[in-house]
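Residue-level structure breakdown
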Amino acid sequence: MEGKRTHSLDEVAALVGGRVIGDGTLRVSGVRSLEEATEEEIAPFTDRRYLGLLETTRACALIVGEEAPSFPRHQIVVERPHLACARAARLFAPQASGFQGVHAQAFIHESSRLGRDVTVHPGAYVGEDSVIGDRVVLYPGAFVGDRVRIGEGTVVHPNVSVLHDCSVGSGVILHAGTVIGADGFGFVRDGDVSVKVPQIGTVRIDDDVEIGANCTVDRGALGTTWIKSGVKMDNLIQIAHNVVVGEGTVIVAQTGVSGSVEIGRGVVVGGQVGIGDHVSVGDRAMIGSQAGVAKPVGSGEVVSGTPAVSHRLWLKTSRLLTRLPVLNERVRRLEKTVDALMRRLDGRD
Amino acid sequence: MEGKRTHSLDEVAALVGGRVIGDGTLRVSGVRSLEEATEEEIAPFTDRRYLGLLETTRACALIVGEEAPSFPRHQIVVERPHLACARAARLFAPQASGFQGVHAQAFIHESSRLGRDVTVHPGAYVGEDSVIGDRVVLYPGAFVGDRVRIGEGTVVHPNVSVLHDCSVGSGVILHAGTVIGADGFGFVRDGDVSVKVPQIGTVRIDDDVEIGANCTVDRGALGTTWIKSGVKMDNLIQIAHNVVVGEGTVIVAQTGVSGSVEIGRGVVVGGQVGIGDHVSVGDRAMIGSQAGVAKPVGSGEVVSGTPAVSHRLWLKTSRLLTRLPVLNERVRRLEKTVDALMRRLDGRD
Amino acid sequence: MEGKRTHSLDEVAALVGGRVIGDGTLRVSGVRSLEEATEEEIAPFTDRRYLGLLETTRACALIVGEEAPSFPRHQIVVERPHLACARAARLFAPQASGFQGVHAQAFIHESSRLGRDVTVHPGAYVGEDSVIGDRVVLYPGAFVGDRVRIGEGTVVHPNVSVLHDCSVGSGVILHAGTVIGADGFGFVRDGDVSVKVPQIGTVRIDDDVEIGANCTVDRGALGTTWIKSGVKMDNLIQIAHNVVVGEGTVIVAQTGVSGSVEIGRGVVVGGQVGIGDHVSVGDRAMIGSQAGVAKPVGSGEVVSGTPAVSHRLWLKTSRLLTRLPVLNERVRRLEKTVDALMRRLDGRD
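Residues numbered from 1 in each chain as written. Chains lettered and ligands numbered in written order. Predicted model: local features only at pLDDT ≥ 70, side-chain atom pairs only at ≥ 80, totals over all residues.

This paragraph deals with helix H3 (residues 81-92) of chain B. Helix length check: H3(B) (12 residues) gives 17 Å between terminal C-alpha atoms against 16 Å at 1.5 Å per residue, within 8%. When we look at burial in H3(B), the residues that qualify are Pro81(B), Ala84(B), Cys85(B), Ala86(B), Arg87(B), Ala88(B), Ala89(B) and Phe92(B). Lining the buried residues of H3(B) we find strand S21 (187-190) and strand S22 (193-196) of chain A together with helix H1 (9-16), strand S4 (30-31), strand S5 (41-45) and strand S6 (61-64) of chain B. (Helix = DSSP H or I, 4+ residues; strand = E, 2+ residues; numbered from the N terminus. Expected span 1.5 Å × (residues − 1). Buried ≥ 20, exposed ≤ 12 C-beta atoms within 10 Å, placed from the backbone. Contact = placed C-beta atoms within 7 Å.)

In structure tokens:
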């Protein structure tokens, strides 16, 4: 195990607020799934459907919600095992590159100010009059434009672009290839020609936001595109100009949010959803995958489908949809029967 | 206001062809929305639904289509206020970085030719035998491959890739992360193996095209993928090999256009649309968001839905779709009634 | 023709296993479509609908499945003309930039090992303890993180990011802007806050895989995201954490594959498809464009639509869908008729 960090089960249990069944002094080197864990690793067991895996796993210990009597080795019992695993995994997460400081092959404009313990890798760029907080990490190919502010501890992954005048909070993670602050899509028709409406607004990203890889968050036309604190976005998501996304909202991959949409707090938006211009989505609403939302969604509503309706109605509808051929046949038979009835009555009149 | 460029209302009015009501010598520092404008800024007022904002806005002046009598300060009246705002906003748009020339941390192959007043930022790359027009700006991470031509005044944003042998016109804007000229998706099955069909065509982008962030425009297989002049594309759009997009066509975010599709001029394609292989779309057609287009669309047609049909029919259809449970219940009731009728008639026979 | 490589028709015929009709010593400089070929080029003729083009093409020779008697010049007849064209085109494909070796403006960490004949362009980056195979090409802006393995002959295009601990096989092509190994989208709710589940797994990409531009392939949460040999992916595709994609499977642009999905071998997935969490897709299945797949798909099944059903049923359903207004009207008419019948019977009782 040389070279790997290890922690005792007692240490892990203390971190996650759990209790050890077995030998608390046992040292483990990581967290991995039941199928993949080695004899030095701990594995989560949170779903009784996988009970069979307890016989075949090589893991030396489990993290469980309640004791698994059939498991012959060690266990940590904890109230919320998923949350405990998340915390435990962080203990063992591979450390970022040993490199520290500002590399000579990076470019930092002399007018910009860097906080303490900032890491700027080769090939990263910081423009004029920007302010980079303490402990920020800029990976290779990270572009930070002019007059950008980046808060403490934020990580800007490779080939991310943060364009001029945008602000990014503290503890934010921007995954590779993401673009913050490209121009919104705004044109005015002048005869056959689309005249560009200069997009002179900005993007504001609050603390503890995480944005996945290859996303695009456009700057406001005249105002601000605003991603509020704790928002989590998956990959390849489009956020158009002047959108507001409320605190703690979660958006799954490949969803597109059109201009000036307002999404409330604690909302869950599925993957490949489209939300039309100027629509509002209330707090804690849920929008199913692939939905097309053209009308406002109220607080706490659960909607699905295109056009989006209540999830319950959509379940019924989509089931009937695949039975349309049957329905069509039933109507044809009714028509025949009714026709026969008519003729029968007519014949007797 | 020191440090900001300001312009008088007279200057703004002259630029947009409007007339000032109030003090034309007043100097303003920018254009912003009614909600966000400061006392030094001018705001558009183009939608009477927001009449109430005229009482609360801090803007010192409005751009309006017709005089707003209730507004106590200055106004510029102009025939097409949206267009006027676009033009006025350009006056105040933040200037690109003060940097000029070719930075030592950029790479330009010695065989390539650069026009006058070209700006090449640190970390930009130009390969062999390429020709870069006057006043072109290449941002950090911009990649320009071998034998590429880029016309005058074109802006290549950070982390854009323009691969070998592609040509880009004048006045083009390529937003961050976009890829021009990756290989088209072409394979021939040989048993269980997909044999790559070398993509030896190119991409041609004409003048005044704007392509959003993180788009992909593939090179032709044997021929050319061609984006004609004045086309405007939003973010995260896929254009496959050998597609032709006609003059002035507008495509909204996350749309995918399959191989060899021909789109006419002045077409509007909504967001998240899919257009199938070899389909043609006529001039000035309109395609609604999330549509799935597998058959040709005629000139001037307006289509929506999957499979795409006339927008009018789609509106009817999608309304009925969510009433399928009701329709199903109506048919069930009819069946019962007809059954009862039958029995009643039979009983009397 | 100076400067261009040329090959005789005999050489081309030998490569593709065909036979020449005409002059085998004729030298050609490339393969292009019938419409675009010059007098020095050879063109495929594989679709009799384009018979008319044989009169107008300038191509000096054809590649055909069977002799085209109306064509007045040379021909190569071969059993599988598409496959032959793919092979012939490779003969003439433009060579990569003349540059070789490791450029001074690249960054390679001293602890990493490079094979023979590796090309590292300016602005490429290789982190700590990575191993780069023989003949690998890293284009500008290519980011290779710590402890990454890249096999022989693999090409990493501009602005691609391969993050720490991922492994990429031999003969792989990663197109521009693609991100391999960003964090999967994993959070545990703790009250109103989403606690990040550290994504400590990796990505494994096997030999001969091709991944299009601006794709995202996330690392496993605790395990491995695995793209098996011969998989071909188009552009802007999302592969979530812990997905497995089987040998030789083909995925078209803008499709999204959710966490822990298992896709078999030889599967064809259309464009803009969404596949839900934990779904399995059997070997040689086919999934139509824009489908929404929430349930398992069996081996060899062909499915389409949202929710996905058998392609045959979906064809029926989608045809009936646009005839819903007609169906609705038929039901309305039945209701009236049945009502009239009832009243008629009641009147007589």
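Bring the parts together and some accessible area is lost; that lost area is often taken as the interface size. Its domain assignment divides chain A into domain 1 (7-92) and domain 2 (107-312). Centre-to-centre separation of domain 1 of chain A and domain 2 of chain A, based on C-alpha positions: 37 Å. (Domains from an automatic or database assignment.)

Moving on to the relation of the copies chain C and chain A. Screw-axis analysis of chain C against chain A gives a translation of 0.0 Å along the axis, an RMSD of 0.1 Å, and a rotation angle of 120°. Such a combination of turn and shift is consistent with a three-fold rotation axis. When the interface residues of chain C are mapped onto chain A, a mere 19% of them again fall at the interface, so the copies present different faces. (Least-squares fit on C-alpha atoms with pLDDT ≥ 70 in both.)

Now for the nonpolar core. Ranked by internal contacts, the top residues of the largest apolar core, which has 208 residues, are Val162(A), Val162(B) and Val162(C). Once residues lying within four places of it in the same chain are set aside, the contact partners of Val162(C) are Phe143(C), Val144(C), Gly145(C), Val148(C), Val156(C), Val168(C), Ile180(C) and Gly181(C). Counting residues in each nonpolar core, the second largest holds 30 residues, with Val12(B), Ala13(B), Val31(B) and Ala61(B) among its members. (Core = buried A, V, L, I, M, F, W, Y, C linked by C-beta atoms within 7 Å.)

What follows deals with the interface of chain C and chain A. With 57 residues of chain C at the interface, the matching set in chain A holds 57 residues. Counting residues per element, the ones that place at least two in the side of chain C that touches chain A are strand S21 (187-190), strand S22 (193-196), helix H4 (311-321) and helix H5 (324-348) of chain C. In terms of residue class, the side of chain C that touches chain A is built from 27 nonpolar, 20 polar and 10 charged. (Nonpolar A, V, L, I, M, F, W, Y, C, P; charged D, E, K, R; others polar.)

What follows concerns the interface of chain B and chain A. With 56 residues of chain B in contact, the opposing surface of chain A contributes 57 residues. Every element with two or more residues in the side of chain B that touches chain A is listed here: H3, helix H4 (311-321) and helix H5 (324-348) of chain B. A total of 10 residues in the side of chain B that touches chain A trace back to one element, the largest contributor, which is H5(B). Residue composition of the side of chain B that touches chain A, by class: 25 nonpolar, 24 polar and 7 charged.

Bringing the relation of the copies chain B and chain A into the picture now. Each copy superposes on the other: chain B lies on chain A with an RMSD of 0.1 Å after a rotation of 120° and an axial shift of 0.0 Å. Little of the interface of chain B is mirrored in chain A, where only 20% of its interface residues are also at the interface.

You can see Ala253(A) is positioned in the loop between strand S30 (250-251) and strand S31 (256-257). Overall, Ala253(A) belongs to the buried group, with 28 C-beta atoms counted inside 10 Å. A C-alpha to C-alpha distance of 4.8 Å links Ala253(A) and Asn235(A), two positions 18 residues apart in sequence. The residues touching Ala253(A), leaving out its near neighbours within four places in the chain, are Gly212(A), Asp234(A), Asn235(A), Leu236(A), Ile237(A), Gly271(A), Gln238(C), Ala240(C) and Gly256(C).

Turning to the sheet that holds strand S5 (residues 41-45) of chain A, a few remarks are in order. Residue and element names in this part refer to chain A. Ordered by their spatial adjacency, 5 strands build an open sheet running S2-S7-S6-S5-S4, and the pairing between neighbours is mixed. Only two strands of the sheet have a single partner each, and these edge strands are strand S2 (19-21) and strand S4 (30-31). In the sheet, S4 pairs with S5 via 2 bridges, with the strands oriented parallel. Bridge pairing in S5 places glycine 30 opposite glutamate 41. Helix H1 (residues 9-16) contacts S2, S5, strand S6 (61-64) and strand S7 (74-77) of the sheet and is inclined by roughly 15° relative to S7. (Pairing = 2+ DSSP bridges. Axes fitted to C-alpha atoms, helices over the stretch in contact; angles between N-to-C directions.)

Below, the discussion takes up the packing of H1(A) against helix H3 (residues 81-92) of chain A. Residue and element names in this part refer to chain A. The contact between H1 and H3 brings their axes to 9 Å, and the two run at 130°. In terms of axis orientation, H1 runs oblique to H3. In this structure, H1 crosses over H3, and the sense of that crossing is right-handed. Side by side, H1 and H3 meet where Val12, Leu15 and Val16 of the first sit next to Ala84, Arg87, Ala88 and Leu91 of the second. Its residues assigned to classes, the contact of H1 with H3 shows 6 nonpolar, no polar and 1 charged. (Parallel < 35°, antiparallel > 145°, perpendicular 65-115°, else oblique. Left-handed = near helix turned anticlockwise from the far one by under 90°.)

Time to look at the confidence of the model for chain A. Chain-level statistics for chain A give a pLDDT mean of 93 and a share of 97% at 70 or above. The complex prediction reports pTM at 0.91, with the ipTM value standing at 0.89. (pLDDT = per-residue confidence, 0-100.)

Our focus in this paragraph is unusual backbone geometry. Cis rather than trans, the peptide bond between Thr306(A) and Pro307(A) has omega equal to -5°. Along the chain, Pro307(A) falls in the loop between strand S38 (302-304) and strand S39 (309-310). The backbone of Asp117(A) shows a phi angle near 55°, a positive value even though the residue is not glycine. Looking at the element boundaries, Asp117(A) is found in the loop between strand S9 (113-114) and strand S10 (119-120). Its identity as a non-glycine residue notwithstanding, Asn159(B) has a phi of 60°, on the positive side. Of note, Asn159(B) is situated in the loop between strand S16 (155-156) and strand S17 (161-162).

For the rest of this paragraph, the subject is the pairing of S6(A). Residue and element names in this part refer to chain A. Taking every second residue as pointing to the same face, both faces of S6 are buried, with Ala61 and Ile63 on one and Leu62 and Val64 on the other. In terms of strand pairing, S5 meets S6 through 4 bridges, oriented parallel. Within S6, the position partnered with isoleucine 42 by the bridge is alanine 61. Pairing of S6 with S7 involves 4 bridges; the strand directions are parallel. Paired with leucine 62 across the strands is glutamine 75, a residue of S7.

Here 10 strands make up an open sheet; going across it, the order is S8-S11-S14-S17-S20-S25-S28-S31-S34-S37 (chain C) and the pairing parallel. If you trace the sheet from one side to the other, it starts and ends with strand S8 (107-108) and strand S37 (292-293) of chain C, each paired once.

Residue and element names in this part refer to chain C. Those residues of helix H1 (residues 9-16) that fall on the buried side of the exposure criterion are Leu9, Val12, Ala13 and Val16. Looking straight down H1, one finds that the buried residues subtend no more than 100° of arc, so they occupy a single side. Looking at the residues trailing H1, positive phi occurs at glycine 17, about 70°. (Arc of directions from axis to C-beta.)

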